[in-house]
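Understanding the architecture of this molecule
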2 protein chains.
Amino acid sequence: MHIGKPILINGSPPGSGRFPCICTPLVGRTRELLLAEVAAVVAKQPDLLEWRVDYFQEIGNQEAVIAMAGEIRQAATGIPLLFTRRSTREGGEPTPLGEEQVVALITAVCASRTVEMVDFEMNSDTTHIARVRAASQANGIGLVLSFHNFHSTPSQEILSQRFAQAQRLGADVAKIAVMPERLEDVLCVLAATLESSQTLDIPIVSMSMGGLGSLTRLFGGAFGSAMTFAVGASISAPGQIPIEDMNTVLGILQKSMGKGR
Amino acid sequence: MHIGKPILINGSPPGSGRFPCICTPLVGRTRELLLAEVAAVVAKQPDLLEWRVDYFQEIGNQEAVIAMAGEIRQAATGIPLLFTRRSTREGGEPTPLGEEQVVALITAVCASRTVEMVDFEMNSDTTHIARVRAASQANGIGLVLSFHNFHSTPSQEILSQRFAQAQRLGADVAKIAVMPERLEDVLCVLAATLESSQTLDIPIVSMSMGGLGSLTRLFGGAFGSAMTFAVGASISAPGQIPIEDMNTVLGILQKSMGKGR
């Protein structure tokens with residue numbers, strides 16, 4: 001029993017079907033590093049992989065990116081792939097691409113059907129969001145619309161508005177990652193998650209980052225967050241927890257909460 | 001690094017010194033069962049033991065209770081003992097003792113100095129509370145003033161008032177255990193804990209009970225709750241988690257939260 005809607009890939013929850021599902025980031029800069037990373041990470045059986053393409057040195061070469069996505073997918077042996085270019089504004093690595101080129105890249109990756117989901121930032125130009133939504137929809141690929149704040153945590157009201165904005169823009173999944181400055185901010189993220197997971201029609205994903213925020217990575221699922229990011233080989237955001245520890249805590253939590261009153 | 005004040009026994013945090021400390025209940029009905037329970041529980045190294053004397057068949061025999069406390073203490077090999085008679089009104093077992101007799105029993109146990117702390121309910125008659133406070137103080141024994149609601153969760157404001165009331169009545173530790181009806185109630189307990197742990201002078205202990213509430217047993221320490229109850233051999237309240245699982249989660253949490261931003 002859980003509150004919150006699960007993320008669906010071709011109609012089914014990915015991997016083991018657990019809630020929340022566990023997503024592990026890939027941050028290799030080269031083909032060789034990425035393939036080594038995939039091999040190490042797949043052994044730990046995450047439910048999803050997120051390829052953070054902004055770390056990839058060849059991001060400027062569309063064909064190389066698509067070929068790489070295909071190779072990751074093959075090496076991932078059935079684990080679905082989320083394709084993410086994070087902007088520097090929202091915590092990503094610097095790349096030579098302008099926003100037009102990013103939209104063209106995502107569109108091409110969608111057309112190649114080498115990934116199951118793509119991530120795009122909801123603060124992007126609305127025409128860009130519409131193009132990414134159209135390209136992903138045309139190819140049966142899920143769209144995560146995301147919002148990040150690496151400095152502070154907006155109010156519960158604003159967080160709830162962000163989740164709702166993602167749904168309004170046509171997202172299949174709404175994702176928010178924000179930085180707590182104090183423990184009250186962690187409770188704020190959990191409260192917004194609990195509220196929006198019950199009022200929206202799409203699955204939502206939330207996390208508070210950093211040391212304090214690691215609490216939400218471990219038990220945000222109990223409040224309706226459909227996915228949590230855990231480290232396979234290298235972290236992609238502050239506060240991420242090793243996948244082995246995540247598995248352990250989620251198992252204990254499920255056992256404890258399943259006891260009912 | 002943690003918020004919240006630690007529980008101190010003779011000036012030091014009990015056991016390993018971790019925050020929160022782990023307390024394991026003893027609920028045996030006879031001397032033989034209690035001694036077997038202590039042996040099983042001590043092997044798991046909780047920081048504190050709570051003897052729930054309302055389970056003890058000989059609770060009506062003051063000498064037998066004091067002798068038993070001494071035997072538990074000896075078997076506990078240095079783990080401090082919290083002596084608790086829980087009333088049926090707040091989730092305890094039925095006993096033949098009236099409130100006057102309970103106060104006399106606690107007073108006698110304090111005088112025997114066979115325990116390190118005693119628990120008394122803050123809803124008790126104020127003259128009874130004053131007598132228990134005087135007896136515990138005279139013998140250098142800590143006083144936990146506690147409040148339980150096994151049906152629902154009061155508002156954050158009322159929970160905060162309860163913590164403050166315990167401090168006003170002279171408690172060394174304020175403890176609240178309430179039943180959540182929904183996840184919002186769990187956040188309410190965490191928010192009240194966070195607030196009161198920063199505003200009061202004494203350590204506070206909080207928990208939300210049942211399956212939903214097990215979240216607070218695992219993560220309440222991060223929000224300032226100084227103690228969590230975990231099962232050694234038998235549970236004494238709904239939602240308690242095995243001590244092995246508690247150790248595992250607290251270890252992962254400490255590692256994760258220690259990372260800072």
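Look up: the structure comes first, before these words.
Let me begin by describing the structure that accompanies this report. (Residues numbered from 1 in each chain as written. Chains lettered and ligands numbered in written order. Predicted model: local features only at pLDDT ≥ 70, side-chain atom pairs only at ≥ 80, totals over all residues. Heavy atoms only, no water.)

Digging into unusual backbone geometry
All names here are of chain A. How we decide: Strands are runs of DSSP state E lasting at least two residues, helices are runs of H or I lasting at least four, and both sets are numbered from the N terminus onward.
Note the cis peptide between Phe-19 and Pro-20, where omega equals -5°. Mapped onto the elements of the fold, Pro-20 is located in the segment before β1 (21-26). Its identity is not glycine, yet Asn-10 carries a phi of approximately 50°, on the positive side. With respect to the secondary-structure elements, Asn-10 resides in the segment before β1.

Some remarks on the pattern of salt bridges
Rules: One side-chain nitrogen of Lys or Arg within 4 Å of one carboxyl oxygen of Asp or Glu is enough to make a salt bridge.
By the definition in use, this model includes 30 salt bridges over all chains. The network of salt bridges with shared partners includes Arg31(A), Glu32(A) and Glu71(A).

Some words on the sheet that holds strand β1 (residues 21-26) of chain B
Residues and elements named next belong to chain B. Stated formally: At least two bridges found by DSSP between two strands is the condition for calling them paired. A contact between two residues is defined here by any heavy atoms of the two lying within 4.5 Å. Think of each axis as a best-fit line through the C-alpha atoms, taken over the contacting stretch in the case of a helix, with angles from 0 to 180 degrees between the N-to-C directions.
Spatially, the nine strands line up as an open sheet ordered β7-β6-β5-β4-β3-β2-β1-β8-β9, and their pairing is parallel. Each edge of the open sheet is held by one strand with a lone partner, namely β7 (204-208) and β9 (241-242). In this structure, strand β2 (residues 48-52) lies alongside strand β3 (residues 81-84), joined through four bridges in parallel fashion. Each residue of the ladder has a partner; that of Trp-51, found in β3, is Phe-83. Seen against the sheet, helix α5 (residues 156-168) touches β5 (142-149), β6 (173-178) and β7 and runs at an angle of roughly 150° to β6. Lying on the sheet, helix α7 (residues 210-219) is in contact with β7, β8 (227-231) and β9; it crosses β7 at an angle near 150°.

Notes on the pairing of strand β3 (residues 81-84) of chain A
Residue and element names in this part refer to chain A. We count it as follows: For every residue, the accessible area (1.4 Å probe, protein chains only) is compared with the maximum for its type, and the residue is labelled buried under 20%, exposed over 50%, or partly exposed between those bounds. When the strands point away from the viewer, a crossover counts as right-handed if the path from the first strand over the helix to the second runs clockwise.
Residues Leu-81 and Phe-83 of β3 are buried on one face, and the alternating residues Leu-82 and Thr-84, pointing to the opposite face, are buried as well. Read as a crossover between parallel neighbours, the route from strand β2 (residues 48-52) over helix α2 (residues 62-75) to β3 is right-handed. Sheet topology note: the β3/strand β4 (residues 117-121) ladder contains three bridges and is parallel. Paired with Phe-83 across the bridge in β4 is Val-118.

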